[in-house]
Amino acid sequence: MAAKIQLSRVAIELDDVGEGHPILLLHGFPATRYLWAQVAPLLVKTGYRLLVPDLVGYGASVAPADVSIDMASQSRWMLEMMNALGIVQVSVIAHDVGSAAAQIMVANAPQRVRSLVVLDGVCGSEWAMDAIASIQAWAPADAHRLFPVLARRLGKSPALRQMLSAYDGQQGGLRLIRAARDLDPRQTANIGEALRSSGVPALVLWGEHDECLSVDKVGRPLAELLGARLAIVPGAHFTPLDCPVDVAAALQDFLPANG
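Let us look at the structure shown here. Every chain is numbered independently, its residues counted from 1 as its sequence is written. Only residues with pLDDT of at least 70 get local features here, since the model is predicted, and only at 80 or more are side-chain atom pairs given and counted; chain-wide, interface and lining totals rely on the full set of residues. Each side-chain value is derived from all of the structure's non-hydrogen atoms; neither hydrogens nor water enter the calculation.

1. Remarks on the environment of L205
Under the scheme used here, helices are H or I runs from DSSP no shorter than 4 residues and strands are E runs no shorter than 2 residues, and both carry numbers assigned from the N terminus. Within the secondary structure, L205 is located in strand β7 (residues 202-207). Classification of L205 as buried rests on a relative accessible area of 0%. In this structure, the C-alpha to C-alpha distance between L205 and F238, residues 33 residues apart in sequence, is 11 Å. Three exposure classes are used, based on accessible area relative to the maximum for each residue type with a 1.4 Å probe and protein chains only: buried under 20%, partly exposed in between, and exposed over 50%.

2. Things to note about the packing of aromatic side chains
Stacked, tilted and edge-to-face are the three classes applied to pairs of Phe, Tyr and Trp rings, where Trp contributes its six-membered ring and a pair requires centres within 6.5 Å; stacked means planes under 30 degrees apart, edge-to-face means over 60, and tilted covers the rest. Applying the stated criterion across every chain yields a total of one aromatic pair. Aromatic side chains F29 and Y58 sit 6.4 Å apart centroid to centroid with 85° between the ring planes, which places their arrangement in the edge-to-face category. On the criterion of sequence distance, the pair formed by F29 in the loop between β3 (21-26) and α1 (40-46) and Y58 in the loop between β4 (48-53) and α2 (71-85) is long-range, its members being 29 residues apart. Here F29 matches Y58 in class, with each residue buried.

3. Some details on the pattern of salt bridges
Salt bridges are defined as contacts in which a side-chain nitrogen from Lys or Arg sits within 4 Å of a carboxyl oxygen from Asp or Glu. Enumeration according to the criterion identifies nine salt bridges in this entry. Linking R33 and D15 is a salt bridge whose minimum nitrogen-to-oxygen distance equals 3.1 Å. Here R33, found in the loop between β3 and α1, pairs with D15, found in strand β2 (residues 11-17); they are 18 residues apart in sequence, far enough to count as distant. Given the relative accessible area of 18%, R33 is considered buried. A salt bridge links D216 to R220; its shortest N-O distance comes to 2.8 Å. Remark: R220 and D216 occur in helix α9 (residues 215-226); sequence separation between them is four residues, near one turn of the helix. Take R220: its relative accessible area is 44%, and that puts it in the partly exposed class. The structure contains a network of salt bridges with shared partners spanning D15, R33 and D54.

4. Some remarks on the side chain of R112
Along the polypeptide, R112 turns up in the loop between α3 (98-108) and β6 (113-121). No salt bridge is formed by the buried R112; the nearest opposite charge belongs to E80, separated by 9.9 Å. In this description, contact between two residues means that some pair of their heavy atoms is separated by no more than 4.5 Å. Setting aside residues no more than four positions away along its own chain, R112 makes contact with L79, M82, N83, I87, V88, Q89 and V90. Positive residues here are Lys and Arg, negative ones are Asp and Glu, while His and the chain termini are left out of the count.

5. What to know about the pairing of β7
With six of six residues buried, β7 lies mostly within the body of the structure. Across four bridges, the pairing between β6 and β7 is parallel. What sits directly across from L119, in β7, is L205. The sheet contact formed by β7 and strand β8 (residues 229-233) spans five bridges and is parallel. Directly across from V204, in β8, lies its bridge partner L230. The parallel pair β7 and β8, bridged by α9, forms a crossover whose chirality is right-handed. One bridge is not enough; two strands pair if DSSP finds at least two bridges between them. Note on handedness: a clockwise path from strand one over the helix to strand two, with the strands aimed away from the viewer, defines a right-handed crossover.

Here is the structure:
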């Protein structure tokens, strides 16, 4: 069921489906909650409640122009959303830079996170920022030209193209430029010790053909940092869309049982 959560200055659009232990699914950049469209139904069938938001400033979730939509703020808003829904603790599954928000949640409020899964995510200050430098530098007056470029570069499948379509047109392009400019790798550069000592069980999943974030430079160090098992799945960077059945199976093997 689609829902809207109004917080102090931002509004979060999310899908809230299923029953059982709550799982928070976080997308990254340049994505929306559509990233989880093929994984979520498989988890619902297993007996979980899924909270699948658009991060603030992405997709249909909005924030005023003077509010930064950085990942530290996203982590705070996710906790506030949980409070608004009356949820004390969740498992968090996060992709790409959405995993920065998830890691900050673990570092700041480990008691709110029952378990953590990172898919093709970030580690320390390694956020693959070179890949989005051109978007950060994109002229706002030409924002309408951004979607066609992204679609050619990333839209190798209908599902990817569908996800990216949220950023079509002038306003969509402006949202993506704003999101790119608000990303700040310094926000996870120094949380390693807090992650190590959190006690939160973790799993790291990585696409065997990920060319955006290297499994050797990012995935393995992240797994070591989290004390997590590293599992390779047969996809590229956008694993929830590339190989949803494999991702769902790995998640079901790891996630805590309901109850």
